[in-house]
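Below, each chain spelled out in residue letters.
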Amino acid sequence: MRVSTFDILRCPYCGGRLDLVESLFNRRTADSIEDGVLGCQCCIFPVVDGIPVMHLQPMATTAREQIEAGRPDLARRTMFGLEDAQHADRFDRVAAAGTATYRETVEALGPNFEGGYFLYRFSDPTFVVAQAVVQAIGRTVLGGARRAIDVCGGSGHLTRSLLGLSGPPPVLADLYFAKVWLARRFTAPGCEPVCCDGNAPMPFARGAFHLAMCVDAFMYIWTKRQFVGEMERLVDTADASGAVLIGHTHNERTWSPSHGQPLTPEGYAALFERRQPRLFGEAGLFADVVDRGVLDLSRRDSTDALDRDPALTIVASGHPGVFARHPIERAATATGEFRLNPLYAVEPDGEHLRLRLTFPDDDYAQEYGACRRYLPDEVSIDAQLLDALPAAAVPDALAELARRRVVLDLPARYY
Ligand SMILES: [Zn+2]
């Protein structure tokens, strides 16, 4: 962790500032802490492999004891949930190699790690909408000079969308150590990862951020009222120009896969106490992104449209530029590298290559099949065109495929 993160980090329980406990084992430089123990007025928390673990679940307590005993290697295994020594050795080797891909690293974590669909996240319909919303709001309220936090952001796929927009690098907060560790290494390099529990008060100072977002996770949070209160607190700045974004949360009135414990549209709205939020049905936002090229946050969806939509996006902001029409910008240069979307199988076909849309399984097809609205079933291209990939900028001949998301800006060493 960066030492500068102490400016915004607070104990989730006493609200106090934290500092490194110098008398206990630690490894640090002038600017960063690799391993150590942080103390406030009430608790101590471990920093494991550069990631502060700001909760008191049993694995965090075990890891803290291992750090105190001078065994950061064991503390990391504990936080990864690697209990079997052979499995842990194998993972340590993959992680240390520095050449392993995201996919290989996820596979080394084992079948219990929820990695399956993350490989395909950058072109799934939920992501495509969320990315457009995050970038539109991020450009408006952050402007490259203010900070964002992605709460329950998992392995950082959307945090990545904030990298150029958040002034100090965005904070990625999630309960799962392995996910934020993967994000820092692969998906959102440069982000500041923090482990914390979304069902507890958040370990950050009031007004530390101008954008607090939580996408595709809020329906799994039990303490919803506290969570929204915390999101409002995190963006409670003197100029009141921040935004709270709850993206892709399920709707109690319309069933969807991985339903969670959703609320009704008005139930969600009632959680906000500082500022009345606006709710959007995801179908309208999806059509904006896929068909119109403009994300229209000035619209007011009807009660009926909200009730019928399986997923909602909720935005609260005092910034006058948020509830407007936002042209969708597609970067010509990559954050990582332009590569073929991993959903495409490549088959030789004479002088050509046939790219065929291939879902990993039926469950994926059922949950994310709407990607067929922009991903063609089959494309035939000149065989040598793919030789230009990976590329830092979209080659002209592949511009149309990039527009259709057959070619994607993916993290380096992704698969
Ligand atoms: Zn405390």
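Residue indices begin from 1 for each chain and proceed along its sequence in written order. For a predicted model such as this one, the threshold for reporting local features is a pLDDT of at least 70, and the threshold for listing and counting side-chain atom pairs is 80 or more; totals across whole chains, interfaces and linings nevertheless cover every residue. The side-chain figures draw on all heavy atoms in the structure; neither hydrogens nor water molecules are used.

1. With respect to the coordination of the zinc ion
Filter applied, for reference: Each metal site lists N, O and S donors within 2.8 Å (3.2 Å for Na, K and Ca). With water left out of the atoms, a site can look as if it is missing ligands. All geometry calls rest on donor angles, where a four-donor set with angles between 85 and 135 degrees is tetrahedral, four- and six-donor sets with opposite donors more than 155 degrees apart and all others between 65 and 115 are square planar and octahedral, and all else is irregular. The helix count covers DSSP runs of H or I at least four residues long, the strand count covers runs of E at least two residues long, and both are numbered beginning at the N terminus.
Bound to the zinc ion are the protein donor atoms Cys-11 (SG), Cys-14 (SG), Cys-40 (SG) and Cys-42 (SG), situated 2.2 to 2.3 Å from the metal. Of note is the zinc ion, whose four donor atoms meet at the metal with angles of 105 to 114 degrees in an arrangement that counts as tetrahedral. Along the chain, the residues donating to the zinc ion fall in the pattern C-x2-C-x25-C-x1-C. A residue pair is termed long-range when its members are at least 10 positions apart, and Cys-11 in the segment before strand 1 (19-20) and Cys-42 in the loop between strand 3 (33-39) and strand 4 (44-48) qualify at 31 residues.

2. Notes on helix 4 (residues 102-109)
Rules: Only protein chains enter the area calculation, which uses a 1.4 Å probe; residues under 20% of their type maximum are buried, those over 50% are exposed, and those in between are partly exposed. Relevant arc is that of directions from the helix axis to the C-beta atoms, nothing else.
Among all positions in helix 4, only Tyr-102, Thr-105, Val-106, Ala-108 and Leu-109 are buried. Buried positions in helix 4, seen along its axis, are confined to an arc of 160 degrees and lie on one side of it. Phi turns positive, to about 105 degrees, at Gly-110, one or two residues after helix 4.

3. Quick word on the pattern of salt bridges
The cut-off we apply is this: Salt bridges, as used here, are contacts in which a Lys or Arg side-chain nitrogen is within 4 Å of a carboxyl oxygen on Asp or Glu.
Evaluated as defined, the whole model comprises 33 salt bridges. Linking Arg-121 and Asp-216 is a salt bridge whose minimum nitrogen-to-oxygen distance equals 3.9 Å. Residue Arg-121 is found in the loop between helix 4 and helix 5 (125-141), and its partner Asp-216 is found in the loop between strand 9 (211-215) and helix 7 (224-234); the two are separated by 95 residues along the sequence. Residue classification places Asp-216 among the partly exposed residues on the basis of a relative accessible area of 23%.

4. Remarks on the nonpolar core
Here is the rule: We define a nonpolar core as any set of buried Ala, Val, Leu, Ile, Met, Phe, Trp, Tyr and Cys residues linked to one another through side-chain atoms lying within 4.5 Å. Note on contacts: a residue pair qualifies if any of its non-hydrogen atoms lie within 4.5 Å across the two residues.
By size, the foremost hydrophobic cluster in this structure holds 90 residues, and its most contacted members are Ile-137, Phe-177, Leu-211 and Leu-355. At 10 residues, the largest contribution of residues to this core is made by helix 5. Beyond its immediate chain neighbours, meaning those up to four positions away, Phe-177 contacts Val-48, Asp-49, Ile-51, Val-53, Arg-76, Met-79, Phe-80 and Cys-195. Listed in part, the 47 residues of the second largest apolar core include Leu-20, Cys-196, Met-219 and Ile-221.

5. Looking at the sheet that holds strand 16 (residues 344-349)
Threshold: Between any two strands, at least two bridges found by DSSP are needed for them to pair. Throughout, an axis means a line fitted to C-alpha atoms (over the contacting stretch in the case of helices), and angles, computed between N-to-C directions, take values from 0 to 180 degrees.
A sheet is described by the order of its strands in space; here three strands give the open sequence 16-17-18, paired in antiparallel fashion. Only two strands of the sheet have a single neighbouring strand rather than two, namely strand 16 and strand 18 (378-382). In this sheet, adjacent strand axes meet at a mean angle of 25 degrees when their direction is disregarded.

6. Here's the deal with a negative patch on the surface
For the record, the criterion: Each patch is assembled from residues with relative accessible area greater than 30% and no salt bridge, linking like charges that lie within 9 Å and nonpolar side chains (Val, Leu, Ile, Met, Phe, Trp, Tyr) that lie within 5 Å. Values of accessible area rely on a 1.4 Å probe in the Shrake-Rupley scheme; residue burial ignores everything except the protein chains shown. Two residue types count as positive, namely Lys and Arg, and two as negative, namely Asp and Glu; His and chain ends fall outside the count. To locate a charge, take atom NZ for lysine, CZ for arginine, CG for aspartate or CD for glutamate.
Together, Asp-361, Asp-362, Asp-363 and Glu-367 line one region of the surface with negative charge. Along the chain, Asp-362 turns up in helix 11 (residues 362-368). According to the relative accessible area criterion, Asp-362 is exposed, its value standing at 67%.

7. As for the packing of aromatic side chains
How we decide: By convention, a stacked pair of Phe, Tyr or Trp rings (six-membered ring in the case of Trp) has centres within 6.5 Å and planes under 30 degrees apart, an edge-to-face pair has planes over 60 apart, and any other such pair is tilted. Placement of a positive charge over a ring is assigned whenever Lys NZ or Arg CZ falls within 6 Å of the ring centre and within 35 degrees of the normal to the ring plane.
Going through the model one piece at a time under the given rule, you end up with 18 aromatic pairs. Considering the side-chain rings of Tyr-120 and Tyr-364, the 5.7 Å spacing of their centres and the 70 degrees angle between planes classify their relative orientation as edge-to-face. Of this pair, Tyr-120 sits in the loop between helix 4 and helix 5 while Tyr-364 sits in helix 11, and the two are 244 residues apart along the sequence. Tyr-364 shares its class with Tyr-120; the two are buried. Their ring planes at 40 degrees and their centres at 5.8 Å tell us that Phe-218 and Tyr-268 sit as a pair that is tilted. Separated by 50 residues along the polypeptide, Phe-218 in the loop between strand 9 and helix 7 and Tyr-268 in helix 8 (residues 265-269) bring together distant segments of the chain. Overall, Phe-218 belongs to the buried group, its relative accessible area being 1%. An aromatic cluster of three or more residues is present, and its members are Tyr-102, Phe-122, Phe-127, Phe-186 and Tyr-414. For the cation-ring pair, Lys-224 lies above Phe-218, with the distance from its terminal atom to the ring centre recorded as 6.0 Å. In this structure, Arg-339 packs its charged tip against the face of Tyr-415, placed 4.1 Å from the ring centre.

8. Structural notes on the packing of helix 2 (residues 72-80) against helix 6 (residues 177-187)
So the rule is basically this: Reported orientations rely on four angle classes, namely roughly parallel under 35 degrees, roughly antiparallel over 145, roughly perpendicular from 65 to 115, and oblique for the rest. Three classes are used, and their members are as follows: Ala, Val, Leu, Ile, Met, Phe, Trp, Tyr, Cys and Pro are nonpolar, Asp, Glu, Lys and Arg are charged, and the others, Gly among them, are polar.
Viewed as axis vectors pointing N to C, helix 2 and helix 6 meet at an angle of 110 degrees, and their least axial separation amounts to 8 Å. Judged by the inter-axis angle, helix 2 sits roughly perpendicular to helix 6. Contacts between helix 2 and helix 6 involve Arg-76, Met-79 and Phe-80 from the former and Phe-177, Ala-178 and Trp-181 from the latter. For the contact of helix 2 with helix 6, a count of residues per class yields five nonpolar, no polar and one charged.

9. Concerning the pairing of strand 13 (residues 311-317)
The buried count for strand 13 comes to seven of seven residues, which makes it a mostly enclosed element. Of the two faces of strand 13, the one lined by Ala-311, Thr-313, Val-315 and Ser-317 and the one lined by Leu-312, Ile-314 and Ala-316 are each fully buried. Examined bridge by bridge, strand 10 (residues 243-250) and strand 13 share six bridges and lie antiparallel to one another. What sits directly across from Ile-246, in strand 13, is Ile-314. By the bridge criterion, four bridges tie strand 11 (residues 278-281) to strand 13 in an arrangement that is antiparallel. Bridge pairing in strand 13 places Arg-278 opposite Val-315.

10. Focus on unusual backbone geometry
What is expected of a backbone is that most residues other than glycine have negative phi and most peptide bonds are trans. Backbone torsion omega between Leu-389 and Pro-390 reads 0 degrees, so that peptide bond is classified as cis. Inspection of the secondary structure puts Pro-390 in the loop between strand 18 and strand 19 (391-393). Here the phi dihedral of Asp-49 falls at roughly 50 degrees; this positive angle occurs in a residue that is not glycine. The class for Asp-49 is buried, based on a relative accessible area of 17%. Not every positive phi belongs to a glycine, and Arg-405 is a case in point at roughly 70 degrees. The topology assignment puts Arg-405 in the loop between helix 12 (399-403) and strand 20 (407-410).

These figures capture arrangement, not role.
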